[in-house]
Amino acid sequence: FVVNVDPDAVFFPDRLRNHVKNDVGQSMYFPNCGKYGGEPLLYGSIEVFSVPALKVYQAREAECKNMDWHGWGEDYFMQTCMDMLGVKW
């Protein structure tokens, strides 16, 4: 798994391992915010992606960059991109 952590966040890899151990090898990302109701969002100081999910992104990056993404934050861009590419959560 690849984890993007904001510099002011505290991250404990051992705690993450317990949450993702059943998902090793699958193409997925982990939305981490359910504050606003509806579907959870990839929002906040930590974003988690599996290596297979990032390989899908790498192979199809141009599709994501063709979205009307200007003005979006990186978290919203990545969630919208992953959803468009069929990466599950």
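What counts and what doesn't
Residues numbered from 1 in each chain as written. Predicted model: local features only at pLDDT ≥ 70, side-chain atom pairs only at ≥ 80, totals over all residues. Heavy atoms only, no water. Disulfide = S-S within 2.5 Å. Helix = DSSP H or I, 4+ residues; strand = E, 2+ residues; numbered from the N terminus. Buried < 20%, exposed > 50% of the residue type's maximum accessible area, 1.4 Å probe, protein only. Expected span 1.5 Å × (residues − 1). Bend = angle between axes of the 7 residues up to and from the residue. 1 Å grid on protein atoms, 1.4 Å probe; cavity = no way out; pocket = protein on both sides within 12 Å on 5 of 7 lines; lining within 4 Å. Points joined across faces, edges and corners; volume = space filled by probe spheres on them. Nonpolar A, V, L, I, M, F, W, Y, C, P; charged D, E, K, R; others polar. Phe/Tyr/Trp six-rings, centres within 6.5 Å; stacked < 30°, edge-to-face > 60°. Lys NZ or Arg CZ within 6 Å of the ring centre and 35° of its normal.

### Brief notes about the state of the cysteines
Right, on to step 1. If you walk through the whole model with that rule in mind, you get one disulfide.
Right, on to step 2. At a sulfur-sulfur separation of 1.8 Å, the disulfide partner of Cys64 is Cys81. Every disulfide takes its handedness from the sign of the S-S torsion; for Cys64 and Cys81 that torsion is 65°, giving right-handed. Within this pair, whereas Cys64 is found in helix H2 (residues 51-65), its partner Cys81 is found in helix H3 (residues 74-84), the two being separated by 17 residues in sequence.
Right, on to step 3. Overall, the relative accessible area of 0% leaves Cys64 in the buried class.

### As for H2
Right, on to step 1. Here H2 contains 15 residues, and its C-alpha end-to-end distance of 20 Å stays within 8% of the 21 Å for a straight helix at 1.5 Å per residue.
Right, on to step 2. Of all the bends in H2, the largest measures some 70° and sits at Ala59.
Right, on to step 3. Of the residues making up H2, those classed as buried are Ala53, Tyr57 and Cys64.

### Thoughts on the layout of surface pockets
Right, on to step 1. If you add up the space inside the largest pocket, you get close to 260 Å³.
Right, on to step 2. As for the largest pocket, its lining consists of 13 residues, of which Phe11, Leu16, His19, Ile46 and Val48 are closest to the centre.
Right, on to step 3. Elements with a minimum of two residues in the lining of the largest pocket: helix H1 (13-20) and strand S3 (46-49).
Right, on to step 4. Along the lines of polarity and charge, the residues of the lining of the largest pocket split into nine nonpolar, two polar and two charged.

### Looking at the packing of aromatic side chains
Right, on to step 1. Across all of its chains, the model carries five aromatic pairs by this definition.
Right, on to step 2. Seen from their ring centres, Trp69 and Phe77 are 6.0 Å apart, and the 70° between their planes marks the pair as edge-to-face.
Right, on to step 3. When its relative accessible area of 31% is taken as the criterion, Trp69 is described as partly exposed.
Right, on to step 4. The class of Phe77 is buried, set by a relative accessible area of 12%.
Right, on to step 5. Between the NZ or CZ atom of Arg15 and the centre of the ring of Phe12, over which it lies, the distance is 4.6 Å.

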